[in-house]
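Each chain, letter by letter, is given below.
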Amino acid sequence: MNHAAWLEIAEEGLAKVAPSHLVAPRRQIRLEYLAITACDTAFVHLQANERGDEVRLDVTDREGAPILRGEFRTAPE
């Protein structure tokens, strides 16, 4: 998968967990690619803080090995 595909997967999760991130006028996205995988299954875990302005992303393969880590932050206007 390429970088744009991983971002699309992350944004699909954000739409469910913290949809305000997708319409925020200012946001910061940090993705750290940890491994390449040939596995066709990935597990995406998103966790938002109480205010919902920060979200952590962890993607693992079927064996639990980390593939991708990310942080999403929104900034006030």
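None of the values given here were measured: they were computed from a predicted structure.

> How would you sum up the nonpolar core? Please name residues and give values.
Counting eleven residues, the largest nonpolar core is built from Trp6, Ala10, Leu14, Ala18, Leu46, Val55, Leu57, Val59, Ile67, Leu68 and Phe72. Put simply, the parts of the chain that give this core at least two residues each are helix H1 (3–17), strand E3 (54–61) and strand E4 (66–74).

> Break down the sheet that holds strand E2 (residues 42–48) for me, citing the residues and quoting the values.
Here we have four strands laid out as an open sheet, ordered E1-E4-E3-E2, and antiparallel in their pairing. Strands at the two margins of the open sheet, each flanked by one partner only, are strand E1 (27–33) and E2. Strand-to-strand twist across the sheet, computed as the mean angle between neighbouring axes with direction ignored, equals 15°. Note that E2 and E3 share seven bridges and pair antiparallel. Looking at E3, one finds that Ala48 is bridged to Val55. Its contacts with the sheet place H1 against E1, E2, E3 and E4, and it is angled at close to 50° to E2.

> Describe in detail the environment of Asp53, supporting the description with residues and values.
With respect to the element layout, Asp53 can be found in the loop between E2 and E3. A C-alpha to C-alpha distance of 7.9 Å links Asp53 and Phe72, two positions 19 residues apart in sequence. Ignoring sequence-local partners within four residues, the contact set of Asp53 consists of His21, Phe72, Arg73 and Thr74.

> Before we move on, can you summarise the side chain of Asp61 with the specific residues and values?
If you trace the backbone, Asp61 turns up in strand E3. Buried and without a salt bridge, Asp61 has Arg62 as its closest oppositely charged side chain, separated by 7.4 Å. Looking at Asp61, its side chain comes within polar contact range of the main-chain nitrogen of Ala65, at 2.9 Å. Once residues within four sequence positions are removed from consideration, Asp61 is found in contact with Thr37, Cys39, Thr41, Phe43 and Ile67.

Basis of the calculations
Position labels on residues start from 1 in each chain and follow its written sequence. Residue-level local features of this predicted model are given only where pLDDT is at least 70; pairs of side-chain atoms are given and counted only at 80 or more, and the full residue set underlies all totals for whole chains, interfaces and linings. Note that the side-chain values use all heavy atoms of the structure and ignore hydrogens as well as water. The nonpolar core is taken to be a set of buried Ala, Val, Leu, Ile, Met, Phe, Trp, Tyr and Cys residues, with the residues joined through side-chain atoms within 4.5 Å. Three labels apply to residues, based on accessible area from a 1.4 Å probe with only protein chains included: buried if under 20% of the type maximum, exposed if over 50%, partly exposed otherwise in between. By definition, any uninterrupted DSSP run of H or I lasting at least four residues is a helix, any uninterrupted run of E lasting at least two residues is a strand, and each is numbered from the N terminus. If DSSP finds at least two bridges between two strands, the strands pair. Each axis is a line fitted through C-alpha atoms, taken for helices only over the stretch in contact, and angles between the N-to-C directions span 0 to 180 degrees. Here, two residues are considered to be in contact whenever any of their heavy atoms come within 4.5 Å of each other. Positive charges are assigned to Lys and Arg, negative charges to Asp and Glu, while His and the chain termini are left out of the count. Criterion for a salt bridge: a side-chain nitrogen of Lys or Arg within 4 Å of a carboxyl oxygen of Asp or Glu. N or O atoms closer than or at 3.5 Å make up a polar contact, with two conditions inside protein: a donor-capable atom paired with an acceptor-capable one, and, for residues adjacent in sequence, both atoms drawn from side chains.

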